[in-house]
Amino acid sequence: MMPSKPARYSLFALLYFSQGAVLSFFTAFNAIYLLSHDVSMTRIGLMGTIALLPFIFKIFLGMLSDRVNLLGYGHRKPYILIGLVVQAVCLLVVPQVNPGTHFWLYVALAFLLQLGMALYDTCTDGLALDTTPPEEEGTIQGFMVGGRALGVVLIAGIIGLVADRFSWAVAFYTLAALSLLPIPLLLKAREVKQSEARRFEWGAFKAFAQPAVIGLGLLGALYSLIINGANEIVNPFLQSRFSISTTQAGFLTAVWGLGVVLGGITGGRLTDRLGHARATQVAMIMALAAIVPLAFIPSAWLAWGLVAVFGLAYGFYETVYFAISMNYTDRRIAASMFALLMAVANIGTGIGLGISGALVDNLGYPITFIILAGLNLLAIPLLTMIFGRATKKVQEY
């Protein structure tokens, strides 16, 4: 791995920074971009669900990484490199496709882009699991969530400005260049050789039969449905109600991202200090309290503070869930198990993206925010499954 802890943290933060830079488009601008080509919100939600499928099935990417040392170059590093390159190439091609007239070709490119992202995301998680001691799990997730959010913060405003001043094509080319940013540091990294105790074993998948792990997966799907479903419609809502520009949407997303950075940092540290159960309870309350006010924004200037608070809740909840997932992951199937837990969460995201768009078209934005916020209450019985009894760590299987 990297020769020092700061260098290791920097690598993970930079990998997620590049992911965040691309996610800044999908978070802040994809809906606006497609609406400008007369694509309906229902179709936008459908496109988001389809494009997310690689993240839902990323367990197979994790199994590939866990089992196959690619051409002798390692279990993680070469896959991360391939994923970054695929993402960059897709971003170079996307501007050539008009989503209004060739919607399904645009969806196919988005799917392939997300496949590349899912590959390096999965293997980056595997690399983190291979090299992070238990007492640093919350901290490393704070760097990763924070790094991704920082990518959103720094790039969202720039991309919106570039799209307004130049063109969407220039914005996509900028994102393609940023996708390659981690490669020099990645090439300097050396993988840790897997010990015999951490060699891939099919028997380790028995961990998924544990009630605590089942409950954790369901919690991941629920929280992800809520916060991503709400996040997808924030900028279209503000554009619809207050006629914000693309540049303003970018800066609002940057403010949201600052909240996510702060939520990631505080979530990681508080998870290490408070414990998983209490941190999860705090995350649920924060999400409920942050989403409801979005339905009642009376003026554009108040949106800035409310979007920042929502970002704080978003980053906090993600970091808490990721840290808990690291703790329950069996290191013999590190990338596979963590990927499956993330995939279940991504199923929630896919459902959330689909239903939020449909709910907006049929019920309007405010009611959709309230419904999504209320779904937080469904997490209460899951806490008993995860934390209500003394459960063995899955590493004991």
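In short, a report on the structure. Please read all numbers here as calculations on a predicted model, not as lab measurements.

1. Structural notes on the overall build of the protein
And step 1. When its secondary structure is counted, the protein shows 16 helices and zero strands.
And step 2. Taken across its 397 residues, the protein has 59% of its residues classed as buried.
And step 3. Sequence-distant contacts in the protein: of pairs separated by 6 or more residues, those separated by 24 or more amount to 86%.
And step 4. On the protein, roughly 15,400 Å² of surface is accessible, and the fraction owed to carbon and sulfur atoms is 68%.

2. With respect to helix 2 (residues 41–51)
And step 1. By the burial criterion, the buried members of helix 2 are Met41, Ile44, Gly45, Met47, Gly48 and Ala51. Looking straight down helix 2, one finds its buried side chains confined to an arc of 160°; they lie on one side.

3. With respect to the environment of Ile155
And step 1. In this structure, Ile155 sits in helix 7 (residues 137–165).
And step 2. Assessed through its relative accessible area of 7%, Ile155 is described here as buried.
And step 3. Considering only alpha carbons, one finds Ile155 and Phe25, 130 residues apart in sequence, at a separation of 8.7 Å.
And step 4. Leaving out residues up to four positions away in the same chain, Ile155 has contacts with Ala21, Ser24, Leu175 and Leu178.

4. A short note on the packing of helix 2 against helix 6 (residues 103–131)
And step 1. Where helix 2 contacts helix 6, the axes come no closer than 8 Å and their chain directions differ by 35°. Handedness of the crossing formed by helix 2 with helix 6: right-handed. Between helix 2, through Arg43, Leu46, Met47, Ile50 and Ala51, and helix 6, the contact on the second element is made entirely by Phe103, Trp104, Tyr106, Val107, Ala110, Phe111 and Gln114.
And step 2. Here the residues of the contact of helix 2 with helix 6 sort into 10 nonpolar, one polar and one charged.

The rules we used
Residues numbered from 1 in each chain as written. Predicted model: local features only at pLDDT ≥ 70, side-chain atom pairs only at ≥ 80, totals over all residues. Heavy atoms only, no water. Helix = DSSP H or I, 4+ residues; strand = E, 2+ residues; numbered from the N terminus. Buried < 20%, exposed > 50% of the residue type's maximum accessible area, 1.4 Å probe, protein only. Contact = heavy atoms within 4.5 Å. Areas by Shrake-Rupley, 256 points an atom, 1.4 Å probe, with all protein chains shown as cover. Arc of directions from axis to C-beta. Axes fitted to C-alpha atoms, helices over the stretch in contact; angles between N-to-C directions. Left-handed = near helix turned anticlockwise from the far one by under 90°. Nonpolar A, V, L, I, M, F, W, Y, C, P; charged D, E, K, R; others polar.

These results come straight from atomic positions and should not be treated as a statement about function.
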